[in-house]
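Overview (structure and organization)
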Amino acid sequence: MSTLEIKNLHVSVETNEGPKPILRGVDLRVASGEIHAIMGPNGSGKSTMAYAIAGHPKYTITDGEVLLDGENIADMTADERARAGMFLAMQYPVEVPGVTVSNFLRTAKTALTGEAPALRQWVGDVKDAMTKLRMDPDFAQRDVNHGFSGGEKKRHEILQMELLKPKFAVLDETDSGLDVDALRVVSEGVNRVHEETGLGVLLITHYTRILNYIKPDHVHVFVEGRVAEQGGPELADQLEAEGYDKYLTARV
């Protein structure tokens, strides 16, 4: 079993006016096989946590630790964190013109494992994963995220997760911009990888609709860079009914 522990995490982001503190002491613990929903209003620090964990250079950890199986990954580069078992599905995936999905995926797998996967087996694995995500086979020859719809970008993120098999995945608003059908397919993909690999998931979202498909074990409410409340799945239902006003009022 693997564990991801976030201890007293403080993070600042670079702005035109200089560093701006965003996270102000976050504590979380995620174990293999667990799904944690991270909810909260805009600007509460949810995405900042995601990028800080993944190693985005604009986000600086000023205090605290991010422990993966007891090892502090806060000083690692983004690629070192990926090799250690971390995966980030970004809210706004980057376009990479000139690099096909097929080449990108195989290069990423090679970088993680240290050797290129056997070509015939790899092609079969890619086709199988794409079929499960209801993706056209021609998708593999398109340039990464270039001209993709919102649903295609999110399916591509889950395709990566399914093939790279990380220990922990941080999914930053994976439901953003998805219609009902795409949301269902993407959620099925997350659930499939979770069940097959024991993946631990940090699912960042504003809304509860994705939680109708991906059932969380724990729910954490972020407000102003801190965890304001945490509980079980019932907390998400409470947020759907009441919103975040009581947390915002309490901190005025």
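Just above, that's the structure.
For the structure given in this document, a descriptive report is provided here. Since the structure is predicted, the reported quantities are computational estimates derived from the model, not experimental observations.

**Some details on the pattern of salt bridges**
Tallied over the full model, the rule gives 7 salt bridges. Where Arg-134 meets Glu-188, a salt bridge forms, and the shortest distance between an N and an O atom there is 3.4 Å. With a gap of 54 residues between them, Arg-134 in the loop between helix 4 (119-132) and strand 8 (143-144) and Glu-188 in helix 6 (residues 180-197) connect regions that are remote in the sequence. Among the residues examined, Arg-134 registers a relative accessible area of 55% and is labelled exposed. In this structure, the salt-bridge partner of Glu-162 is Arg-192, at a minimum N-O distance of 3.1 Å. Of this pair, Glu-162 sits in helix 5 (residues 150-164) while Arg-192 sits in helix 6, and the two are 30 residues apart along the sequence.

**Regarding the environment of Ala-116**
Take Ala-116: it is sitting in the loop between helix 3 (101-113) and helix 4. On a C-alpha basis, the gap between Ala-116 and Arg-106 in space is 7.2 Å, while along the polypeptide they are 10 residues apart. The contacts of Ala-116, once residues within four sequence positions are left out, are Arg-106 and Thr-110.

**A word on the sheet that holds strand 12 (residues 226-231)**
Within a sheet, each strand pairs with its neighbour through backbone hydrogen bonds, oriented either parallel or antiparallel. Taking strand neighbours across the sheet as the criterion, the 6 strands line up as 6-9-10-3-11-12 in an open arrangement whose pairing is mixed. With one partner strand each, in any of the chains shown, strand 6 (86-89) and strand 12 form the two edges of the open sheet. For this sheet the average axis-to-axis angle between neighbouring strands, irrespective of direction, equals 20°. Alignment of strand 6 against strand 9 (residues 168-172), held across 4 bridges, turns out to be parallel.

Criteria and cut-off values
- Residues numbered from 1 in each chain as written.
- Predicted model: local features only at pLDDT ≥ 70, side-chain atom pairs only at ≥ 80, totals over all residues.
- Heavy atoms only, no water.
- Salt bridge = Lys/Arg side-chain N within 4 Å of Asp/Glu carboxyl O.
- Helix = DSSP H or I, 4+ residues; strand = E, 2+ residues; numbered from the N terminus.
- Buried < 20%, exposed > 50% of the residue type's maximum accessible area, 1.4 Å probe, protein only.
- Contact = heavy atoms within 4.5 Å.
- Pairing = 2+ DSSP bridges.
- Axes fitted to C-alpha atoms, helices over the stretch in contact; angles between N-to-C directions.

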